[in-house]
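Each chain is listed here by its residues.
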Amino acid sequence: MNTINDAQTEAAYTDEEMEGATAHVLDRFLKPLADSTGQHVGDLLDGTPEDVFAAAVTAYMMAGRIAQEDPAAELHATAGQMFIAMLRMTPGQEQFAALITGAIYRQIRAEEGIEG
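Residues numbered from 1 in each chain as written. Predicted model: local features only at pLDDT ≥ 70, side-chain atom pairs only at ≥ 80, totals over all residues. Heavy atoms only, no water.

Q: Before we go on, may I ask you to explain the packing of helix 4 (residues 50–69) against helix 5 (residues 75–89) in this structure?
A: A pair of packed helices is captured by two measures, namely the crossing angle of their axes and the spacing between those axes. Between helix 4 and helix 5, the least distance of the axes is 8 Å, while the angle of their chain directions is 140 degrees. Classified by the angle between their axes, helix 4 and helix 5 sit oblique to one another. The two elements helix 4 and helix 5 cross, and the hand of that crossing is right-handed. Contacts between helix 4 and helix 5 involve Val52, Ala55, Ala56, Thr58, Ala59, Tyr60, Met62, Ala63, Gly64 and Ile66 from the former and Leu75, His76, Thr78, Ala79, Met82, Phe83, Met86 and Leu87 from the latter. Looking at the contact of helix 4 with helix 5 residue by residue, the classes come out as 14 nonpolar, four polar and no charged. (Axes fitted to C-alpha atoms, helices over the stretch in contact; angles between N-to-C directions. Helix = DSSP H or I, 4+ residues; strand = E, 2+ residues; numbered from the N terminus. Parallel < 35°, antiparallel > 145°, perpendicular 65-115°, else oblique. Left-handed = near helix turned anticlockwise from the far one by under 90°. Contact = heavy atoms within 4.5 Å. Nonpolar A, V, L, I, M, F, W, Y, C, P; charged D, E, K, R; others polar.)

Next up, the structure:
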């Protein structure tokens, strides 16, 4: 069973899936970033390239379908992995993907108390 391909090849995403995925992107990415930087969510959204935002929403829609088929798949972790993979394949966004990956790596190390 290849859940990634199954999720990608099913019918077009519904409005409900798109709204849910967009809400996840706002709640998991933009609102925390706004809180940590003191910027408004709208300003961050205006400054986010359309292809980056679309990749994040698409990743959540795909991850949602995968999570429905595979109870072991964690929605946010799956979406995060897919988002970074999509960024790496988006022309001009490779450096942004590397920055996000590095930030996640440093955050995990800090939370685990690993120095260096």
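On we go.
Q: Even after reading the chapter, I still don't get the packing of aromatic side chains, so can you show me in this structure?
A: We describe a pair of aromatic rings using the distance from one ring centre to the other and the angle between the two ring planes. Under the criterion given, the structure shown has two aromatic pairs. A centroid spacing of 5.6 Å and a plane angle of 35 degrees characterise the contact between phenylalanine 29 and phenylalanine 83, whose relative ring orientation is tilted. Residue phenylalanine 29 is found in helix 2 (residues 15–37), and its partner phenylalanine 83 is found in helix 5; the two are separated by 54 residues along the sequence. Residue phenylalanine 83 is classed as buried on the basis of its relative accessible area, which comes to 7%. Through a chain of ring-to-ring contacts, three or more aromatic side chains come together here, namely Phe29, Tyr60 and Phe83. (Phe/Tyr/Trp six-rings, centres within 6.5 Å; stacked < 30°, edge-to-face > 60°. Buried < 20%, exposed > 50% of the residue type's maximum accessible area, 1.4 Å probe, protein only.)

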